[in-house]
Amino acid sequence: MARRRVFRWRAIVPLLVFLTLLVLVWLLLLDRLAERGIEAAATHLVGARVDLAEADVRLRQGAVILRGLEVTNPDEPMTNLFEAEEIVADLRVLPLLEQKLALDTVAVRGLEFGTERETSGAVVERSPESARVARQVSAWADALRFPSFSLEGLGQAVDVGALSPESLQTVARAEALVEQVDAVRSGWDRTLRSLDPQPTIDSARALVTQLRQADLGRLGPVGVARLVSSTRTTINSVGELQQRVESLDDMARSDVAELQGALRGLSAAREADYAYARSLLQLPSLEAPDISPALFGEAAVGWIKPVLYWLGMAEQFLPPGLQPRRFAPSGRTRRAGTTVTFPKEGERPGFLLEHGEASLELGGEGIEAGRYLAVVSGLTSAPSLYGKPLRFLIERTGAAVGPGDIGVDVLLDHVTTPVRDSVQARLGGIELSALELPSLGARLLPGQGTMSLSLERVGDALAGRWVWRSARVTWERMGSGSGEGEREAAQVGSGAWAEDFLWRTVSAIRDVEVAVELSGTVDGPSLAVRSNVGDAVAQSLRRELGREIARAEERVRAQVDALVGDGVARARAGVRELQGTLLEDIGGPLGALEGVRQELEREVERLGRRLPGGIRIP
Amino acid sequence: MLALLKLLQSMVRALHSEGTPEQVAAGIALGAALGLTPLMSLHNLLVVAAIALLRVSVPGAILGWLAAIPAGFLLDPLFDTVGGALLLDARPLEPAWTGAYNTPVVSLAHFNNSVVLGSLVGWMVLAAPIYLAARWGVSRYRATVHPRVVQWRVVKTVRASKLYNLYRLFRP
């Protein structure tokens, strides 16, 4: 029988030809593949479209040249974050065999920031990572509530009739507290009924009487020993019951403390109801800390959102530690699935840029004209493997006109936990964007000014300050304004009156500073906004309207008190009554148990002393 | 063009020599790897090499490939789950994945992707059942269906056409 052959040796040559053809096609398409791959990966990272005109991969020289790179600003899809004419990168070839990208140096030419795009750079579906960060930042921004600021309606009669008990949280909370008190009371009733210490107390008291009347001569030593033994058993059972009652006492005190905490919460709820009722009347606050957020809060959120977005992205893509990391790959025909990277001590990171430099020169005679240098070092997907923090610097190396007051210094230390990020940026003498302030009925034209950001992050804790300042602002009225005669005739609280009052107040201000303080955690930082414009408006308001507003506020508070008073009183009485009942129902038996236990011990001791001839009770 | 056709013809001639049910079934089982797992994966180069070098039916492999493509797409959610469980939940396997991920060339196989890994494992599990089912199917087809089919008028017409002559080039 002929031996069946397994291998088809004649196929080796055609197979080699096929593989060679495959390699040739790959080499021919390498530039295009690199271009597509870079576009897809960068779009995934940024969360907005990244376009590349051309990629030129030179494996033998270990270089990649990218031309016409446009990176869309995720917040403004018609604007590029930056655009680079040419990027030349020195590439290490061997890491490519591990599907890793290691760039020794990168030089960027023709770098421009904030250029306009011809088409929108928004992506239909963002990468899960960038979408998650964007969602978090948007949720934070949406949850922020700035007090409204409007002077219209001041002249109207204060109508507090619109307030209903259902709209006040104190009423609902007080009702819930009363129900909670009832539930706790019935629970305790059941517990105390099942415990019922009275029979034990009565039996112990009867034993005390029996011990006092005991005739030692008639009982004899054996009878005395039996009586003492029975007394000790009773003392033990009284002691056990006493411990159970004591633990119930602890639980009762804890329940009462919880109810008292809820009672204290009613005060906070009442304060919130005051604020709610006040907001229905649209009374302006006279406090500068309230007015500044009302005027500049939305603008401040607009400034801070990109900062939080990029901090979040840095957290996503530059995580500390060597744990496996997962991400959803992009650009696959089949289901994308999850790609997991497994960093290993001593190995290369998946992506590493050791040193990158970009120089740019802004021409013209503007104050921003000059030469700039941007340097990045240690940009890597696995900071713990690289072992050094990421540093990003922009500085003005030569100013053609004006002060060289521009500098950005970013340090992201994700080598170990907790991560430490620091951002220091100062942009002086730049053209600041106009701010529309509808509540003032004015547009603020800042001209040249200064923006500075100082931010520190350690772990989840965040502290930062963003200052926006211009010393030569001009104001533009958004409404039509009213004539001299109309102004005199305008009623306090009318639209015309409010518009004129605010315009008179702000139009004289030349030096404007807005300071935004960030604090708290990265996921939900608190925002405080302060501005000298808020101070000025508050002072003017106090001067003109202080007494009128205070009176209206008093009426609002009185109305809230009237609506919530009954509910709060019932809740307070319920808690007080329950506290008294529990103290009595538990404290009484507890005292009786302690008393009878001590009496029993005393009687046993006395019995011992009465025994003749040194007989000891065992 | 003619040179390319001749090259193709010579390659196919070199590959055509066996056609037992076992060879066709083995071809189908190997070809299924190309359809069940993402095509542009490094392991599929090995599968192609195996189809070429082992005496299995090349048309069978092509049939297995084409038949498995829709199955691959349909089973992707399952592959994703299986691969995800192996990559992320199976802690004892983590050193193996870490080693593979940091090994030159091996990491190019994309085994760190849940769909690639899950589909490859899925194919490995299904390869033997596919082989057995295909062998039984081919035997039954040759014994019962094929003699009747060749008598059909439409088949006779097709077999007399030039298209069929071209097909014969690829028959084992």
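If you're wondering where the values come from, they're calculated on a predicted model, not measured in any experiment.

This brings us to the overall build of chain B. For chain B, the count of helices and strands is eight helices and zero strands. Looking at chain B as a whole, 35% of its 172 residues qualify as buried.

Let us now look at the overall build of chain A. A count of helical and extended segments in chain A gives 10 helices and 18 strands. A sequence separation of at least 24 residues applies to 71% of the contacts in chain A between residues at least 6 apart.

Let us now look at the sheet that holds strand 16 (residues 474–477) of chain A. Residues and elements named next belong to chain A. Pairing is antiparallel across the open sheet formed by three strands, whose spatial order is 12-13-16. Both outer strands of the open sheet, strand 12 (435–437) and strand 16, are each paired with one neighbouring strand and no more. With strand direction ignored, the average angle separating the axes of adjacent strands in the sheet is 25°. Both strand 13 (residues 442–445) and strand 16 contribute to a ladder of four bridges, which runs antiparallel.

Before going further, it helps to spend a moment on the interface of chain A and chain B. Taken residue by residue, the interface counts 24 residues in chain A and 30 residues in chain B. Secondary-structure elements contributing two or more residues to the side of chain A that touches chain B are helix 1 (12–46) and strand 6 (339–341) of chain A. For the side of chain A that touches chain B, the per-class residue count stands at 10 nonpolar, five polar and nine charged.

By size, the foremost hydrophobic cluster in this structure holds 39 residues, and its most contacted members are A:Leu295, A:Ala300, A:Ile304 and A:Val516. With 10 residues, the top contributor of residues to this core is helix 6 (residues 288–317) of chain A. Once residues lying within four places of it in the same chain are set aside, the contact partners of A:Ile304 are A:Trp466, A:Val516, A:Leu518 and A:Leu527. Core analysis: the second largest hydrophobic core is formed by 38 residues, A:Val340, A:Phe342, B:Ala29 and B:Leu75 among them.

A word on the environment of B:Asn44. Along the chain, B:Asn44 turns up in helix 3 (residues 42–53). In this structure B:Asn44 touches B:Ala33, B:Leu34, B:Thr37 and B:Leu39, once residues within four positions along its chain are discounted.

All names here are of chain B. Contact geometry for helix 2 (residues 21–36) and helix 6 (residues 114–149): axes closest at 8 Å, N-to-C directions at 150°. Between helix 2 and helix 6, the angle is such that the two are roughly antiparallel. Helix 2 and helix 6 meet at a crossing whose hand is right-handed. In this structure, helix 2 uses Pro-21, Glu-22, Val-24, Ala-25, Ala-26, Ile-28, Ala-29, Ala-32, Ala-33 and Leu-36 to contact helix 6, whose residues at the interface are Ser-119, Gly-122, Trp-123, Ala-127, Ile-130, Tyr-131, Ala-134, Arg-135, Val-138 and Ser-139. Of the residues in the contact of helix 2 with helix 6, the class split is 15 nonpolar, three polar and two charged.

Attention now goes to the packing of helix 2 of chain B against helix 4 (residues 58–89) of chain B. Residues and elements named next belong to chain B. The interhelical angle for the contact between helix 2 and helix 4, taken along N-to-C directions, is 40°, at an axis separation of 6 Å. One way to sum up the angle between helix 2 and helix 4 is to call them oblique. In the packing of helix 2 onto helix 4, the handedness of the crossing is right-handed.

If pLDDT is low for a region, its predicted coordinates should not be looked at in detail. All names here are of chain B. Per-residue confidence for chain B gives a mean pLDDT of 84; residues scoring 70 or more make up 84%. Across chain B, element-level confidence peaks in helix 2 with a mean pLDDT of 93 and bottoms out in helix 1 (residues 2–15) with 50. Taken together, the stretch residues 10–17 has pLDDT below 50 and engages in 12 contacts with residues farther than four places along the chain or on a different chain. Interface confidence for the predicted complex, expressed as ipTM, amounts to 0.79; the pTM equals 0.63.

Another point: the environment of A:Pro446. Residues and elements named next belong to chain A. Position of Pro-446 among the secondary structure elements: in the loop between strand 13 and strand 14 (448–458). Judged by local crowding, Pro-446 falls into the buried class, with 22 C-beta atoms found within 10 Å. With residues near it in sequence (within four places) discarded, Pro-446 still touches Leu-432, Ala-434, Ser-470, Val-473 and Val-512.

All names here are of chain A. Pairing of strand 10 (residues 406–413) with strand 11 (residues 420–431), which is carried by eight bridges, proceeds in the antiparallel orientation. Paired with Asp-409 across the bridge in strand 11 is Gln-424. Hairpin connection between strand 10 and strand 11: a loop of six residues separates the two successive antiparallel strands. Relative to strand 14, strand 11 runs antiparallel, the two sharing 11 bridges.

With that settled, consider the pairing of strand 2 (residues 63–73) of chain A. All names here are of chain A. Sheet topology places strand 1 (residues 50–58) next to strand 2; eight bridges connect them, and they run antiparallel. By the bridge assignment, Asp-51 is partnered in strand 2 with Glu-70. Linkage of strand 1 to strand 2, two consecutive antiparallel strands, is achieved through a turn of four residues, within which Gly-62 is found at a positive phi near 65°. Sheet analysis places strand 2 next to strand 3 (residues 76–91), joined by 10 bridges and oriented antiparallel. Looking across to strand 3, one finds that Val-71 is bridged to Phe-82.

Next up on the list: unusual backbone geometry. The residue after A:Thr417, namely A:Pro418, is reached through a cis peptide bond having omega -5°. Relative to the helices and strands, A:Pro418 resides in the loop between strand 10 and strand 11. One non-glycine residue, A:Gln99, adopts positive backbone phi at about 60°. The residue A:Gln99 is located in the loop between strand 3 and strand 4 (101–113) in this model. If you check the backbone angles, B:His110 has positive phi at about 60° while not being a glycine.

Here is what the cut-offs are and how they apply
Residues numbered from 1 in each chain as written. Chains lettered and ligands numbered in written order. Predicted model: local features only at pLDDT ≥ 70, side-chain atom pairs only at ≥ 80, totals over all residues. Helix = DSSP H or I, 4+ residues; strand = E, 2+ residues; numbered from the N terminus. Buried ≥ 20, exposed ≤ 12 C-beta atoms within 10 Å, placed from the backbone. Contact = placed C-beta atoms within 7 Å. Pairing = 2+ DSSP bridges. Axes fitted to C-alpha atoms, helices over the stretch in contact; angles between N-to-C directions. Nonpolar A, V, L, I, M, F, W, Y, C, P; charged D, E, K, R; others polar. Core = buried A, V, L, I, M, F, W, Y, C linked by C-beta atoms within 7 Å. Parallel < 35°, antiparallel > 145°, perpendicular 65-115°, else oblique. Left-handed = near helix turned anticlockwise from the far one by under 90°. pLDDT = per-residue confidence, 0-100.

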